[in-house]
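# Observations on the three-dimensional arrangement
Now for the letters of each chain:
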Protein chains: 2
Amino acid sequence: MWTMEEAVSALKRQGAKITSQRLAILRLLQGRRDHPSAECVYQELKGEFPTISFATIYSTTQLLAQAELIQILTVDNKRVHFDPNPEPHAHYHCIHCGRIYDIPLNERTVGEILQHTDFQVDQIQIYLYGACPECLKGLTQ
Amino acid sequence: MWTMEEAVSALKRQGAKITSQRLAILRLLQGRRDHPSAECVYQELKGEFPTISFATIYSTTQLLAQAELIQILTVDNKRVHFDPNPEPHAHYHCIHCGRIYDIPLNERTVGEILQHTDFQVDQIQIYLYGACPECLKGLTQ
DNA sequence: GTACCTGCAAACAATTTGCACTAAG
DNA sequence: CTTAGTGCAAATTGTTTGCAGGTAC
């Protein structure tokens, strides 16, 4: 996982200005494993920045994705989720509660997938869908 | 690939009624390899059904997905695409032109991914992103 | 000082919903 | 005959855009 310093220099390398809102979003996402949505980021930052807007959240997260500091997940059809975890891993989306779980992945598996194409691949996402144990427990009670 | 007869009995098994609109959507999707969007289905059916609505297209495709006759792809952040191809394969989404390409996949690769979780998995999607050869050609000219 | 960034509000666009009418079984 | 499906229009909702003022550098 990147440090704040690494993230800031990655942004500077892109010619981006370091604003307090961008620092706050970086700090909020750093090390998170719960894949917050834009709404979630908005709610959590409203305390510190009562005037923060979705325009800023979306533009900043797109910038962070370009700098490869986060991935923007579209595992959930309804809204995007942000993931700062750089390690290759799959995502499991529970179709009942909407939770997103990380699933570990072999480097080798990614290599195997890439073997089947010679297209230029910038990004790879592996999404699994089903009912999570938590929800199955509730459903069978 | 399923035949129309198989598709119809799969729908009946679900207790669904066989309407002319549903047959038309099935016929349109059957064997398609170009991942049409809802808009695309709408445009293509307007000739035969001048009054067909998006409500029908969305509800029917959801029904077909439940019957496992098609998959609803969310590889494109903007809109869903329908895929009647039941064989395990990945999807490549060109970030320039938006085209979606099929990428073959080993059964074994899917097995490897599933090994890392004991969650119930109904569906697995593998999405690759990048600039396709067609677009790269244009970009470097 | 000047480009870029922010926040607001409005625009956008894909999908969903409510409801009266119609058609399948 | 009864239940489910269709089509329409309106609602919904996540995301994007235009622009005026503000801020990093």
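Residues numbered from 1 in each chain as written. Chains lettered and ligands numbered in written order. Predicted model: local features only at pLDDT ≥ 70, side-chain atom pairs only at ≥ 80, totals over all residues. Heavy atoms only, no water.

### A look at the overall build of chain A
Each helix and strand in chain A was counted, giving 6 helices and 5 strands. Along its sequence from the N terminus, chain A presents helices and strands in the succession α-α-α-α-β-β-β-β-α-β-α. For chain A, the C-alpha atoms occupy an extent of roughly 45 × 45 × 25 Å along the three principal directions. Put simply, chain A has 141 residues, and 46% of those count as buried. Restricting to contacts in chain A with at least 6 residues of sequence separation, those with at least 24 account for 54%. In the structure as shown, chain A presents an accessible area of about 7,500 Å², 48% of it carried by carbon and sulfur atoms. When the 13 positive and 16 negative side-chain charges of chain A are each reduced to one mean point, those points stand 7 Å apart. (Helix = DSSP H or I, 4+ residues; strand = E, 2+ residues; numbered from the N terminus. Buried < 20%, exposed > 50% of the residue type's maximum accessible area, 1.4 Å probe, protein only. Contact = heavy atoms within 4.5 Å. Areas by Shrake-Rupley, 256 points an atom, 1.4 Å probe, with all protein chains shown as cover. Lys, Arg positive; Asp, Glu negative; His and termini not counted. Charge placed at Lys NZ, Arg CZ, Asp CG, Glu CD.)

### Observations concerning the protein's contact with DNA strand C
Around DNA strand C there are 19 residues in total, and Thr19 and Thr56 of chain A together with Tyr58, Arg79 and Val80 of chain B lie nearest to it. Counted by atom, the contact set of DNA strand C within 4 Å of the protein is 84% sugar and phosphate. Within the contact set of DNA strand C, a phosphate oxygen lies 3.0 Å away from a backbone nitrogen or oxygen of Ile18 of chain B. Taking Val80 of chain B, its main chain carries an N or O atom lying 2.7 Å from a phosphate oxygen of DNA strand C. For the surface near DNA strand C, the secondary structure elements donating two or more residues are α2 (20–29) and α4 (54–66) of chain A together with α4 (54–66) of chain B. The element best represented in the surface near DNA strand C is α4 of chain B, accounting for 3 residues. Within the surface near DNA strand C, the residues separate by chemical class into 7 nonpolar, 6 polar and 6 charged. (Near = heavy atom within 4 Å. Polar contact = N/O pair within 3.5 Å; in protein donor to acceptor, adjacent residues only side chain to side chain. Nonpolar A, V, L, I, M, F, W, Y, C, P; charged D, E, K, R; others polar.)

### A word on the domain arrangement of chain A
Often, the extent of an interface is quoted as the loss of accessible area upon association of its parts. Residue and element names in this part refer to chain A. Segmenting chain A into domains produces domain 1 (4–83) and domain 2 (89–140). A separation of 22 Å is found between the C-alpha centroids of domain 1 and domain 2. Taken residue by residue, the interface counts 10 residues in domain 1 and 9 residues in domain 2. Between domain 1 and domain 2 the total buried area reaches about 830 Å² when both faces are included, carbon and sulfur atoms providing 54% of it. Contact with domain 2 buries surface across domain 1, with His35, Gln71 and Val75 losing the most and accounting together for 56% of the total. Seen at the junction of domain 1 and domain 2, the total is 0 salt bridges. At the surface where domain 1 touches domain 2, the tally comes to 7 residue pairs in polar contact (both at pLDDT 80 or more). (Domains from an automatic or database assignment. Buried area = accessible area lost by both parts, 1.4 Å probe. Salt bridge = Lys/Arg side-chain N within 4 Å of Asp/Glu carboxyl O.)

### Comments concerning the relation of the copies chain A and chain B
Each copy superposes on the other: chain A lies on chain B with an RMSD of 0.1 Å after a rotation of 180 degrees and an axial shift of 0.0 Å. Interpreted geometrically, this transformation is the action of a two-fold axis. Minimal C-alpha distance to the rotation axis in chain A is attained by Ile126 of chain A, lying at 2.3 Å. (Least-squares fit on C-alpha atoms with pLDDT ≥ 70 in both.)

### Structural notes on the protein's contact with DNA strand D
Taken together, the neighbourhood of DNA strand D is formed by 19 residues, with Tyr58 and Val80 of chain A together with Lys17, Thr19 and Gln21 of chain B sitting nearest. Backbone atoms, meaning sugar and phosphate, make up 85% of the atoms of DNA strand D lying within 4 Å of the protein. Interatomic distance of 2.4 Å between a side-chain N/O atom of Lys17 of chain B and a base oxygen of DNA strand D. A distance of 2.9 Å separates a phosphate oxygen of DNA strand D from a polar atom in the side chain of Thr56 of chain B. Looking at the surface near DNA strand D, the elements with two or more residues in it are α4 of chain A together with α2 (20–29) and α4 of chain B.

### Let's talk about the pattern of salt bridges
Residue and element names in this part refer to chain A. Evaluation of the coordinates by the stated rule reveals 13 salt bridges over all chains. A salt bridge links Glu48 to Arg27, with the shortest nitrogen-to-oxygen separation between them at 3.9 Å. Placement of Glu48 in the loop between α3 (38–45) and α4 and of Arg27 in helix α2 is noted, with a sequence separation of 21 residues between them. With relative accessibility at 45%, the residue Arg27 sits in the partly exposed group.

### Let's talk about the pairing of strand β3 (residues 89–94) of chain B
Residue and element names in this part refer to chain B. Within β3, 6 of the 6 residues are buried, leaving the element largely enclosed by the surrounding structure. Side chains His89, His91 and His93 project from β3 onto one buried face, and the interleaved Ala90, Tyr92 and Cys94 project onto a second face that is buried too. Of the pairings in the sheet, the one linking β3 to strand β4 (residues 100–104) comprises 5 bridges and is antiparallel in character. Within β4, the position partnered with His89 by the bridge is Pro104. Connecting β3 to the next strand, β4, in antiparallel fashion are 5 residues, including Gly98 with a positive phi near 85 degrees. With 4 bridges joining them, β3 and strand β5 (residues 123–130) adopt parallel strand pairing. Its bridge partner lying in β5, Cys94 is registered against Gly130. (Pairing = 2+ DSSP bridges.)

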